[in-house]
Amino acid sequence: MRILAIDFGKKRSGIAVTDVAGIIAQPLTCVDTSQLIDFLSDYVQKEDVKTIVIGYPRQPNGEDSDSMRYIRPFVGRLKKALPAVEVEYFDERYTTKIAFQSMIDAGLGKKKRDNKNGIVDKISASLILQDYLETLRVL
């Protein structure tokens, strides 16, 4: 069974998924947020997804970020569209900064880091998913 993670954005959202064994996180794609529920519905029909993890953006002091006003309604719609799939929030603080730094460390040039193709969003989703998997291993 796979676990899928979403780095939710107002315009587009990054998606990462585990391998079939649910061990390794890998970037999947970036989707226009307006098409996200349709994409996820199609994906879940093709793949055995047991859990969808949504990045939970918080400020450094632990309070919700402004993005939660968009994420909460989306999660409500997602749970209605996919009632058989568990949906969980997971802290995503600093994942975008870490994703950018990872791209720099990997030697990606400035032009490739511009995120027009959603690379940062996919990497951020992978970081969220990898962190989530690490917490499962600890439990």
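The sections below set out a description of the structure shown in this document. (Residues numbered from 1 in each chain as written. Predicted model: local features only at pLDDT ≥ 70, side-chain atom pairs only at ≥ 80, totals over all residues. Heavy atoms only, no water.)

Quick look at the environment of Arg-58
Here Arg-58 lies in the loop between strand S4 (49-56) and helix H2 (68-81). Owing to a relative accessible area of 31%, Arg-58 belongs among the partly exposed residues under this scheme. For the pair Arg-58 and Glu-92, spaced 34 residues apart in sequence, the C-alpha to C-alpha distance is 7.3 Å. (Helix = DSSP H or I, 4+ residues; strand = E, 2+ residues; numbered from the N terminus. Buried < 20%, exposed > 50% of the residue type's maximum accessible area, 1.4 Å probe, protein only.)

A look at the sheet that holds strand S3 (residues 25-32)
As summarised here, the arrangement of the five strands in space is S3-S2-S1-S4-S5, forming an open sheet in which the pairing is mixed. At either margin of the open sheet sits one strand with a lone partner, and together these are S3 and strand S5 (86-91). When strand polarity is set aside, the average angle formed by the axes of neighbouring strands in this sheet is 25 degrees. Pairing between strand S1 (residues 2-7) and strand S2 (residues 12-18): four bridges, direction antiparallel. Bridge pairing in S2 links Ile-6 to Ile-15. Taken strand by strand, helix H1 (residues 36-46) contacts S1, S2, S3 and S4, and its axis lies near 135 degrees from that of S3. In this fold H2 packs onto S1, S4 and S5, with an angle of close to 165 degrees to the strand it touches most, S4. (Pairing = 2+ DSSP bridges. Axes fitted to C-alpha atoms, helices over the stretch in contact; angles between N-to-C directions. Contact = heavy atoms within 4.5 Å.)

A few points about the packing of aromatic side chains
Under the counting rule described, the total for this entry stands at four aromatic pairs. Ring centres of Phe-8 and Phe-74 lie 5.0 Å apart, and the angle between their planes is 40 degrees; this geometry places the pair in the tilted category. Of the two residues, Phe-8 is situated in the loop between S1 and S2 and Phe-74 in helix H2; the sequence distance between them amounts to 66 residues. Neither residue differs from the other here; Phe-8 and Phe-74 are each classed as buried. Positioned above the aromatic ring of Tyr-56 is the side chain of Arg-58, whose terminal nitrogen or guanidinium carbon lies 4.2 Å from the ring centre. (Phe/Tyr/Trp six-rings, centres within 6.5 Å; stacked < 30°, edge-to-face > 60°. Lys NZ or Arg CZ within 6 Å of the ring centre and 35° of its normal.)

Observations concerning the pairing of S5
Across six bridges, the pairing between S4 and S5 is parallel. Bridge pairing in S5 links Tyr-56 to Asp-91. One crossover worth recording links S4 to the parallel S5 by way of H2, and it is right-handed. (Right-handed = clockwise from strand over helix to strand, strands pointing away.)

Examining the nonpolar core
The biggest cluster of nonpolar side chains holds 23 residues, and the ones touching the most others in it are Ile-6, Leu-40, Ile-52, Ile-54 and Phe-74. Mapped by element, the contributors of at least two residues to this core are S1, S2, H1, S4 and H2. Counting residues in each nonpolar core, the second largest holds 11 residues, with Ile-3, Ala-16, Ala-25 and Ile-128 among its members. (Core = buried A, V, L, I, M, F, W, Y, C linked by side-chain atoms within 4.5 Å.)

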